[in-house]
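# Understanding the architecture of this molecule
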Amino acid sequence: MADQEITLMKGNEAIAHAAIRCGCDGYFGYPITPQSEVLETLAEQKPWETTGMVVLQAESEVSSINMVYGGACTGKKVMTSSSSPGVSLMQEGISYMAGAELPALIVNVMRGGPGLGTIQPSQSDYFQACKGGGHGDYHLIVLAPASVQEMADFVDLAFTLAFRYRNPAMILADGAIGQMMEKVVLPPFKPRRTEEEIIKECPWATTGRIGGRKPNIITSLELRSEEMEVINLRIQAKYREIEAKEVRYEEFMLDDAEYAIVAFGSAARIAKKSIEIARSQGIKVGLLRPITLWPFPTEEVKALAGRVKGILSLEINAGQMVEDIRLAVEGKVPVRHFGRLGGIIPDPDEVVEVLKSSF
Amino acid sequence: MTEEIIIAGFGGQGVLSMGKILAYAGLMEGKEVTWMPAYGPEQRGGTANVTVIVSDDPVSSPILSSYDTAIVLNQPSLEKFEPKVKPGGVIIYDGYGINEPPTRKDIDIYRIDAMDAAAEMNLIKTFNMIVLGGLLKIHPVVGIESVLAALRKTLPERHHHLIPKNEEAIRKGMEIIRKL
């Protein structure tokens, strides 16, 4: 089957192909290294001629996210992608969408910061992605792909979760996953939903008052505090449900492990190589890879605390996820952090050295 | 089998595309492959390098501390990657781009005068394919047929008439590579 063809492509290209194939209605974005291939691939593929998907290069990231906001209001499957500085610009729109409970996909192919920083890979937007980068009490559903295949697979998953919970979802990748080429089997084609299907699936959407239904008003504004608290409590209840149902993670060589690395995305790939090296030297170490960064696999990390003598949080940042690990283990086991900054990627040998000296 | 290769040189020498063709050829043989460029503010004449891993097993890290084989096409790349070749590994260098050859005794060192050969053949753009031919001679990571199939797959149709020239270049590389 042509759909099942194995091909070689960059993570960014996989995002674009997967978006077209999962029936995405619209992409609104603005170029920035190291994610520009998403928009470039969409422009090259011209999906507006095949599936009818809109692809638009906006004048800025602020415009892009507000176009996503508008598209999401109508129940359409809409997305944007950017890299760290661009995603910072989008935070207001993301907070509004979380407040208005709108499904959408935001892809962040992280680069080193702060500020304009560098164009090299980094994972320093963990806090921004997982703790609510904009204002207000909100969460995004955050997926962390560790391969080009997962870049392709997580587009549909992100949309599915976003619509299931009426909440924006984020794919949090980094420059390494975006720029590297690997084997990938693209997901099968799914047609875009018809207007009738959208009306049925999204009764809340502003699809036009056909048949005299009540007006649907989508806003994040509610000036009456009592009402706003009710809205917040409803959103928080939704977050608890997501935490209970949607945690995803991968375990690697943990069965007999005396030490554990917790790492996501490209850091998890480096960790696997470090584990191969460490095990060849007789150090029993395994990996817990959070796939959902929010909801974080708190229970799984907590369970690790009873099994291993120490946990190393390997992140390409100055120590962000390590806070969630420490909260999970409640001081039962030593938790160390190791990371490189500013676009430098730790190499597998140095991780092994850190493992040896940490515990 | 896992082969971890770094290819490094100047931007414009075809470093990234050589890696891509190698990775694609690996894919066509059903192997696991990863192509990881050191992307940067790219420009012709700047440095460029790419890590290519071809393996029978799933590839763990696309970023490595050391390599089985380093293909170095200029002096800065040699200085950077000679210390990172695993003991018993291989360095292939282009005689034109390197003034001070590698000195390590615990690795196999090969010289390929690919730039000179490309100039002689009046096929300067196939420089990278000559180098690739050299690699395939000493380390048949992938078969030449897979490389040609990869070229057919990756080159736009309008360039397909150049595939025989590329094959010629690969065979030239196999012929001229020599061990020091």
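### Focus on the sheet that holds strand S13 (residues 310–314) of chain A
Residue and element names in this part refer to chain A. Read across the sheet, 5 strands follow the order S9-S11-S10-S13-S14 without closing on themselves; strand pairing throughout is mixed. One side of each edge strand has no neighbouring strand; the edge strands of this open sheet are strand S9 (249–252) and strand S14 (335–338). Ignoring which end each strand starts from, the neighbouring axes of this sheet average 20° apart. Looking at chain direction, strand S10 (residues 259–262) and S13 are connected through 4 bridges and run parallel. Within the sheet, the bridge partner assigned to valine 262 lies in S13 and is serine 313. Against the sheet, helix H12 (residues 298–305) engages S9, S10, strand S11 (285–290) and S13, with an angle of about 165° to S11.

### Digging into the domain arrangement of chain A
All names here are of chain A. Partitioning chain A into structural domains gives domain 1 (6–195) and domain 2 (250–358). The distance between the C-alpha centroids of domain 1 and domain 2 comes to 27 Å. Between domain 1 and domain 2, the contact holds 26 residues from the first and 21 residues from the second. Residue assignment for the side of domain 1 that touches domain 2 shows that the elements contributing at least two residues are helix H6 (126–130), strand S6 (141–143), strand S7 (168–174) and helix H8 (175–179). With 4 residues, the top contributor of residues to the side of domain 1 that touches domain 2 is H6.

### A closer look at the sheet that holds strand S3 (residues 47–55) of chain B
Where strands meet in a sheet, backbone hydrogen bonds hold them as pairs that are either parallel or antiparallel. The strand order across the open sheet built from 9 strands is S1(A)-S8(A)-S2(B)-S3(B)-S1(B)-S4(B)-S5(B)-S6(B)-S7(B), with neighbouring strands paired in mixed fashion. Lying at the two open borders of the sheet, with one neighbouring strand each, are strand S1 (6–10) of chain A together with strand S7 (178–179) of chain B. With 5 bridges connecting them, S1 of chain A and strand S8 (residues 181–185) of chain A associate as antiparallel partners. Looking at S8 of chain A, one finds that threonine 7 of chain A is bridged to valine 184 of chain A. Sheet strands in contact with helix H7 (residues 148–165) of chain A are S1 and S8 of chain A, and its direction is about 45° off that of S8 of chain A. Strands S1 and S8 of chain A together with strand S1 (2–10), strand S2 (32–37) and S3 of chain B of the sheet are contacted by helix H1 (residues 15–28) of chain B, whose axis makes an angle of about 10° with S3 of chain B.

### Structural notes on the pairing of strand S3 (residues 54–57) of chain A
Residue and element names in this part refer to chain A. As paired elements, strand S2 (residues 26–29) and S3 share 4 bridges and run parallel to each other. Across the sheet, residue glycine 29 finds its bridge partner in S3, namely glutamine 57. For the segment spanning S2, helix H2 (residues 37–45) and S3, crossover handedness is right-handed.

### Digging into the pairing of strand S5 (residues 85–94) of chain B
All names here are of chain B. In this sheet, S5 lies alongside strand S4 (residues 67–72) in parallel orientation, the contact comprising 5 bridges. Pairing of tyrosine 67 across the sheet is with valine 85, part of S5. The β-α-β motif built from S4, the intervening helix H2 (residues 75–81) and the parallel element S5 has right-handed crossover chirality. Looking at chain direction, S5 and strand S6 (residues 108–112) are connected through 5 bridges and run parallel.

### What to know about the packing of helix H3 (residues 61–73) of chain A against helix H5 (residues 91–99) of chain A
Residues and elements named next belong to chain A. At a closest axis distance of 8 Å, the pairing of H3 and H5 adopts a crossing angle of 15°. In terms of orientation, H3 and H5 fall into the roughly parallel class. As for the relative orientation of H3 and H5, their crossing is left-handed in sense. Here H3 contributes Ile65, Asn66, Val68, Tyr69 and Ala72 to the contact with H5, which in turn contributes Gly93, Ile94, Tyr96 and Met97. In the contact of H3 with H5, the residues fall into 7 nonpolar, 2 polar and no charged.

### Considering the interface of chain B and chain A
With 17 residues of chain B in contact, the opposing surface of chain A contributes 18 residues. Where the side of chain B that touches chain A is concerned, the elements lending two or more residues are H1 and S2 of chain B. Element by element, the count of residues in the side of chain B that touches chain A is highest for S2 of chain B, at 6 residues. Looking at the side of chain B that touches chain A residue by residue, the classes come out as 11 nonpolar, 4 polar and 2 charged.

### A closer look at the packing of H1 of chain B against helix H4 (residues 127–138) of chain B
All names here are of chain B. The geometry of H1 relative to H4 is characterised by a closest axis approach of 9 Å and an angle of 45° between their N-to-C directions. Of the possible angle classes, the one that applies to H1 and H4 is oblique. Crossing handedness for the pair H1 and H4: right-handed. The segment H1 lies against H4, with Ser17, Met18, Ile21 and Leu22 engaging Asn128, Val131 and Leu132. Looking at the contact of H1 with H4 residue by residue, the class counts come to 5 nonpolar, 2 polar and no charged.

Parameters and conventions
- Residues numbered from 1 in each chain as written.
- Chains lettered and ligands numbered in written order.
- Predicted model: local features only at pLDDT ≥ 70, side-chain atom pairs only at ≥ 80, totals over all residues.
- Pairing = 2+ DSSP bridges.
- Helix = DSSP H or I, 4+ residues; strand = E, 2+ residues; numbered from the N terminus.
- Axes fitted to C-alpha atoms, helices over the stretch in contact; angles between N-to-C directions.
- Contact = placed C-beta atoms within 7 Å.
- Domains from an automatic or database assignment.
- Right-handed = clockwise from strand over helix to strand, strands pointing away.
- Parallel < 35°, antiparallel > 145°, perpendicular 65-115°, else oblique.
- Left-handed = near helix turned anticlockwise from the far one by under 90°.
- Nonpolar A, V, L, I, M, F, W, Y, C, P; charged D, E, K, R; others polar.

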